[in-house]
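What follows is each chain in one-letter form.
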Amino acid sequence: MMNLSLLSKEIEEADPIVIVRHVRPDCDALGSQFGLKSWIKDNWPAKAVYALGEETTSQGIWPQSDKCSDEIIENSLAIVVDTATAARADDQRFLIAKRIIKVDHHPETDPYGALNFTDPKAAAACEILARWFEEENRTVSKQTAEYLYKGLLTDTLRFSTSNTTADTLKAASFLADHEIDIPALNRELFDLSMKEFEVAAAIRSRVKMEPSGFAWLMFTKEDLEKFGMSGSEARGHIDEIGHVRDFKVWAMFNESLSEEGKYEGSLRSKHAPVNDIAAKFGGGGHKNAAGVKDFDAEQLEEMKQLLSARASEY
Ligand SMILES: [Mn+2]
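Attention in this report is confined to the structure presented alongside it. Remember, it's a predicted structure, so these values are computed and weren't measured experimentally. (Residues numbered from 1 in each chain as written. Predicted model: local features only at pLDDT ≥ 70, side-chain atom pairs only at ≥ 80, totals over all residues. Heavy atoms only, no water.)

**Details of the overall build of the protein chain**
In step 1: Along the protein chain, the regular secondary structure elements total 12 helices and 11 strands.
In step 2: Taking 314 residues into account, the globule formula puts the C-alpha radius of gyration at 20 Å, and the protein chain, at 21 Å, falls close to it.
In step 3: Within the protein chain, the fraction of its 314 residues that count as buried is 50%.
In step 4: For the protein chain, long-range pairs separated by at least 24 residues make up 63% of all intrachain contacts whose partners lie at least 6 apart in sequence.
In step 5: Split by element, the accessible area of the protein chain, about 15,000 Å² in all, is 49% carbon and sulfur.
In step 6: Both charge centroids of the protein chain, one from 37 positive and one from 53 negative side chains, sit 3 Å from each other. (Helix = DSSP H or I, 4+ residues; strand = E, 2+ residues; numbered from the N terminus. Rg over C-alpha atoms; globule rule 2.2 N^0.38 Å. Buried < 20%, exposed > 50% of the residue type's maximum accessible area, 1.4 Å probe, protein only. Contact = heavy atoms within 4.5 Å. Areas by Shrake-Rupley, 256 points an atom, 1.4 Å probe, with all protein chains shown as cover. Lys, Arg positive; Asp, Glu negative; His and termini not counted. Charge placed at Lys NZ, Arg CZ, Asp CG, Glu CD.)

**A closer look at the pairing of strand β1 (residues 17–20)**
Each regular strand shows side chains that alternate between the opposite faces of the sheet.
In step 1: Residues I17 and I19 line one face of β1 and the alternating positions V18 and V20 line the opposite face, and both faces are buried.
In step 2: The pairing of β1 with strand β2 (residues 49–51) spans 3 bridges and is classified as parallel. Within β2, the residue paired with I19 across the bridge is A51.
In step 3: The parallel pair β1 and β2 is bridged by helix α2 (residues 27–43), and the resulting crossover is right-handed.
In step 4: Pairing between β1 and strand β3 (residues 77–81): 4 bridges, direction parallel. Bridge pairing in β3 links V18 to A78. (Pairing = 2+ DSSP bridges. Right-handed = clockwise from strand over helix to strand, strands pointing away.)

**What to know about the packing of aromatic side chains**
In step 1: A full pass over the atoms with the stated rule returns 12 aromatic pairs.
In step 2: Note on W39 and F133: the rings are 4.2 Å apart at their centroids and 10° apart in plane angle, and the pair reads as stacked. Highlighted residues: W39 in helix α2 and F133 in helix α4 (residues 125–136), separated in sequence by 94 residues. Each member of the pair W39 and F133 is classed as buried.
In step 3: Look at F253 and F295: their rings are 6.2 Å apart centre to centre, the planes differ by 80°, and that puts the pair in the edge-to-face class. Residue F253 is located in strand β8 (residues 249–255), and its partner F295 is located in strand β11 (residues 289–295); the two are separated by 42 residues in the primary sequence. You'll find F253 and F295 in the same group, each marked buried.
In step 4: Taken together, the ring pairs in this structure connect W39, W44, W132 and F133 into an aromatic cluster.
In step 5: The ring of W216 carries K208 above its face, with NZ or CZ at 5.0 Å from the centroid.
In step 6: Over the ring of W216 we find K304; its NZ or CZ atom is 3.7 Å from the centre of that ring. (Phe/Tyr/Trp six-rings, centres within 6.5 Å; stacked < 30°, edge-to-face > 60°. Lys NZ or Arg CZ within 6 Å of the ring centre and 35° of its normal.)

**Remarks on the sheet that holds β2**
In step 1: The sheet built from 5 strands is open, its strands ordered β2-β1-β3-β4-β5 with parallel pairing. Every other strand in the sheet has two partners, leaving β2 and β5 (115–118) as the edge strands with one partner each. On average, each strand axis in the sheet is tilted by 15° relative to the strand beside it, whichever way the strands run.
In step 2: In this sheet, strand β4 (residues 99–104) lies alongside β3 in parallel orientation, the contact comprising 5 bridges. (Axes fitted to C-alpha atoms, helices over the stretch in contact; angles between N-to-C directions.)

**Thoughts on the nonpolar core**
In step 1: Counting 45 residues, the largest nonpolar core has I11 and L36 as its most contacted members.
In step 2: With residues near it in sequence (within four places) discarded, I11 still touches I17, L36, W39, I40, W44, K47, L77, I79 and W132.
In step 3: Counting 20 residues, the second-largest nonpolar core is a separate cluster that includes I277, F281, V292 and F295. (Core = buried A, V, L, I, M, F, W, Y, C linked by side-chain atoms within 4.5 Å.)

**Quick look at the state of the cysteines**
In step 1: If you walk through the whole model with that rule in mind, you get 0 disulfides.
In step 2: Its sulfur unpaired, C27 is 9.1 Å from the next cysteine sulfur, which belongs to C126.
In step 3: On the basis of relative accessible area, C27 is assigned to the buried category, the value being 1%.
In step 4: On the basis of relative accessible area, C126 is assigned to the buried category, the value being 0%. (Disulfide = S-S within 2.5 Å.)

Right under this line is the structure:
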């Protein structure tokens, strides 16, 4: 565990403080940001603390971001959470802050802080904060614990990802000790709207599985228009088919809304690499989760054949 007591000292001495998250924030970005703000307020109520960022998410309920002038930022300690690179920060004005500190759990590629608390073993930025708050032994309000629990729960897909460790569960245990309502938080974050339910039903009903264990579906333009979604919003639901024993490799394709005759796709697998196949068509990503854009019908067929052949090897 990193020595985050240094950060407590910095916070103790700083006023104002701005807290920055990454663009297109997920619940870990928001949870670590509002969790840290809330904890500072729990313990130093007179301090001016601003949570910055334009963009937000539709998952879960979050407070509004704060507005703040350049002058305030210039005089502030900026703490940037869950943000691997400076370029990904939602509010680039953090660069003019008096002092910058990074708290993150992605592999370190851009140590843009004067201090960088980067722990790639942590499953979530919220895990780092929870374990630090436990060691600090200061006040942790129910609100603070809720924010952090939401980030922890979502970044680990409800404690199921390979980076969920004993430390992750210790962090969760510490937070659970603060009167949080675990089933209510799960409902807030994971219950579907009627529209999402209908999209899920459409996805499930369109899946075809090859004998190789490769499963795929196509969302047409009409599908996207019917649900009022972009291709990337639709493909955001790919996890809908991510929990089938027989599927070794799966893909969700959609017709491009912007370019006639072109397609986009998200590729997933349990064990087989799919990023090399994505790369063949100008895409990329991680070993078991990759994406491709702007390919034509012929390339689509070729990609499906490669994915099916790959599935049969596993
Ligand atoms: Mn994260």
